[in-house]
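Each chain, written out:
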Amino acid sequence: GAEAQLSFAALTDLLEEVDEDVFAQLPAPQRLALEVALLRTLPVGERLEPRAIGLGLLNLLRTIAADAPLLVALDDVQWLDATSAEALSFTARRLDDEAIAFLVAKRPGPPTTIERALERRGLEHLLVGPLGLAATNHLLLQRFGLSVRRPLLRRIVEATRGNPLFALE
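All of the points below concern the structure found in this document. Each residue is numbered by its place in its chain's sequence as written, counting from 1. In view of the model being predicted, local features appear only for residues whose pLDDT reaches at least 70, and side-chain atom pairs are presented and counted only at 80 or more, with totals across whole chains, interfaces and linings using the full set of residues. Each side-chain value is derived from all of the structure's non-hydrogen atoms; neither hydrogens nor water enter the calculation.

1. So, the pairing of strand β1 (residues 70–74)
- Here β1 shows a buried face lined by Leu70, Val72 and Leu74 and an unburied face lined by Leu71 and Ala73.
- The pairing of β1 with strand β2 (residues 100–104) spans five bridges and is classified as parallel. Paired with leucine 70 across the two strands is isoleucine 100, which belongs to β2.
- In terms of handedness, the path from β1 via helix α6 (residues 82–94) over to β2 forms a crossover that is right-handed. Any residue under 20% of the maximum accessible area for its type is buried, any over 50% is exposed, and the rest in between are partly exposed; the area is computed with a 1.4 Å probe on protein chains only. A run of H or I in DSSP counts as a helix once it spans at least four residues, and a run of E counts as a strand once it spans at least two, with each numbered from the N terminus. A pair of strands is labelled paired if DSSP reports no fewer than 2 bridges between them. Viewed with both strands pointing away, a crossover whose connecting path from the first strand over the helix to the second turns clockwise is right-handed.

Okay, here's the thing in structure tokens:
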């Protein structure tokens, strides 16, 4: 139904570029569950098994990381759909010595399920604050070749609250 269409949206985005041959290396039940969750194939049963999806994701990431270290980058994790967040948390809790690292970006607030799952791996926090005058000036110069006078630069920083995306807009 409509709920299934909205489920696993973040996971679908994350795994969009993963080749079919990587999926083919998974055990059949895990591959099928993950492919159904990602809307890559039609469901054959009534219900998706969350554990099979989680194991499929875990083994998919392990397969990718067997060739080279893997960085899983997740932006705005506070807004991830619940099904993707749960599958990623399931995976994060089960990783051991694999060459898989997570880069998680979020707005200030309570820890997300993914952050809690990653705690045992030694989560390092880095607070990224707003851009100041010099950094905004550098961004505009690098991106657009613009040299902005200080009064206008100050207005840009104040209006955008130091948000680099808004400053570029």
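2. Description of the pattern of salt bridges
- Within this document, salt bridges are pairs made up of a side-chain nitrogen of Lys or Arg and a carboxyl oxygen of Asp or Glu, the two lying within 4 Å of each other. This model, assessed by the stated rule, comprises four salt bridges.
- Ionic pairing is found between arginine 62 and glutamate 98, a salt bridge with its closest N-O pair at 2.6 Å. Here glutamate 98 lies in the loop between α6 and β2 and arginine 62 lies in helix α5 (residues 50–67), a separation of 36 residues in the sequence.
- Assessed through its relative accessible area of 28%, arginine 62 is described here as partly exposed.

3. Quick notes on the packing of helix α4 (residues 28–37) against α5
- Here, axes are lines fitted to C-alpha atoms. For helices the fit covers the stretch in contact, and angles between N-to-C directions go from 0 to 180 degrees. Look at α4 against α5: their axes get within 8 Å of each other, and the N-to-C directions meet at 100°. Between α4 and α5, the crossing angle belongs to the class labelled roughly perpendicular. Listed contacts from α5 to Pro29, Gln30, Ala33, Leu34 and Ala37 of α4 are Ala52, Ile53, Leu55, Gly56, Leu57, Asn59 and Leu60.
- Of the residues in the contact of α4 with α5, the class split is nine nonpolar, three polar and no charged. Here the word oblique covers every angle except those under 35 degrees (roughly parallel), over 145 (roughly antiparallel) and from 65 to 115 (roughly perpendicular). Contacts are assigned to residue pairs that have any heavy atoms within 4.5 Å of one another. Any residue that is not Ala, Val, Leu, Ile, Met, Phe, Trp, Tyr, Cys, Pro, Asp, Glu, Lys or Arg is counted as polar, Gly included; the first ten are nonpolar and the last four charged.

4. Here's the deal with the packing of aromatic side chains
- To pair, rings of Phe, Tyr and Trp, with the six-membered ring standing in for Trp, must have centres within 6.5 Å; the planes then decide the type, stacked if under 30 degrees apart, edge-to-face if over 60, and tilted in the middle. With the rule as written, the count across this model stands at zero aromatic pairs.
- In this analysis the charged atom, NZ for Lys or CZ for Arg, is taken to sit over a ring once it is within 6 Å of the ring centre and within 35 degrees of the ring normal. The ring of phenylalanine 90 is capped by arginine 94, whose NZ or CZ atom sits 3.6 Å from the centre of that ring.

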